[in-house]
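Report on the structure
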Amino acid sequence: MELKIQKCAVLSFSRSQDVIRFDYSLDDSALKHVTSIRDLRVVVNTHFNPHDHVSHICNKAIAMLGFVLRASKNFRSANTLDFLYRTVIRPILEYASIVWSPYYKTHIEAIKRIKTRGLRIHGLHLGVQYMDAPVAELRRSLDLAPLQERKRTDDLIFLYKIVNGDTDCSKLTKLLDYSVPRGPRLRDIFGRRIQNKRYSYMSSIPRVSREGNLRDNSIDILGSFCDAFKPKVQNSL
């Protein structure tokens, strides 16, 4: 595989202020050191937190919202705008959220503001003033689940795919810590490991494992069919 040196960089992961720096080269060309980089459309930084990625997707979503608003000003159907929001705006804000799921309040609120802005723009097409748009009512009428519910749904579906082999990745499967029940009242499927740091506590595998333990009784991670699993998760939230 041929690598483009211009697109290669060195990123060191550390929570320390003093990062050990080593100069790397490729084909006798020195690689630049960066504090953040985009990999498979997800921005990762040296501290391994979602700050840079959240800023990136919020700025991109705001720009796309502006484009949708300008392009749809003559649209008469509010359903068309709803379709554009679901297919153009929301994927920007939720792509690969399993990896970077926000846990700081400031990041959660930033994403919520973008979604609220989208609903207010939808209200404009219904003849409502921008700031007077009934956001909660619009969300219910359009059947748009809140951010936290969509995050939980994505986490549980991701966990289901790992457990049932729909995601072909043995390394992820090995990271799951299954729990052996010691009594009839214990319903936890996954073990509860102590995480000393918040970023490790909120990382993907520990977080989806907790969601699996907190699931509703009607949700069977081990025995459901994939097509029936998602509706059960959505109905339980």
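We now turn to the structure provided with this report.

1. Looking at the packing of aromatic side chains
Counted by the stated rule, this structure contains four aromatic pairs. Consider the rings of F13 and F48, whose centres lie 5.0 Å apart with planes at 90°: the pair is edge-to-face. Here F48 lies in the loop between β6 (42-45) and α1 (51-71) and F13 lies in the loop between β1 (9-10) and β2 (25-26), a separation of 35 residues in the sequence. The aromatic ring of Y130 is capped on one face by R120, whose charged end is 6.0 Å from the ring centroid. In this arrangement the basic side chain of R210 is found over the ring face of Y201, its NZ or CZ atom lying 3.6 Å from the centre.

2. Observations regarding the pairing of strand β5 (residues 36-39)
Sheet topology note: the β5/β6 ladder contains four bridges and is antiparallel. In the sheet register, S36 faces β6, and the bridge partner there is N45. Connecting the antiparallel pair β5 and β6 is a turn made up of two residues, with L40 showing a positive phi of about 55°.

3. Let's talk about the packing of helix α4 (residues 105-124) against helix α6 (residues 147-163)
Geometry of a packed helix pair, given as the angle between the helix axes and the separation of the axes. Two numbers describe how α4 lies on α6: the axes approach to 11 Å, and their chain directions differ by 110°. By the criterion of interaxial angle, the relationship of α4 to α6 is roughly perpendicular. Residues I108, I111, K112 and K115 of α4 lie in contact with α6, whose contacting residues are L147, Q148 and R150. Within the contact of α4 with α6, the residues separate by chemical class into three nonpolar, one polar and three charged.

4. Topic: α6
With 17 residues, α6 should reach 24 Å at 1.5 Å per residue; the first-to-last C-alpha distance of 24 Å fits that figure. For α6, the full list of buried residues reads L147, K151, T153, D155, L156, I157, F158, L159, Y160, I162 and V163. Two residues or fewer after α6 comes G165, characterised by a positive phi angle close to 80°.

5. Concerning the side chain of D155
Inspection of the secondary structure puts D155 in helix α6. The exposure class of D155 is buried, given its relative accessible area of 3%. In contact with D155, other than residues within four places in its own chain, are I98, R207, V208 and E211.

Analysis parameters
Residues numbered from 1 in each chain as written. Predicted model: local features only at pLDDT ≥ 70, side-chain atom pairs only at ≥ 80, totals over all residues. Heavy atoms only, no water. Phe/Tyr/Trp six-rings, centres within 6.5 Å; stacked < 30°, edge-to-face > 60°. Helix = DSSP H or I, 4+ residues; strand = E, 2+ residues; numbered from the N terminus. Lys NZ or Arg CZ within 6 Å of the ring centre and 35° of its normal. Pairing = 2+ DSSP bridges. Axes fitted to C-alpha atoms, helices over the stretch in contact; angles between N-to-C directions. Parallel < 35°, antiparallel > 145°, perpendicular 65-115°, else oblique. Contact = heavy atoms within 4.5 Å. Nonpolar A, V, L, I, M, F, W, Y, C, P; charged D, E, K, R; others polar. Expected span 1.5 Å × (residues − 1). Buried < 20%, exposed > 50% of the residue type's maximum accessible area, 1.4 Å probe, protein only.

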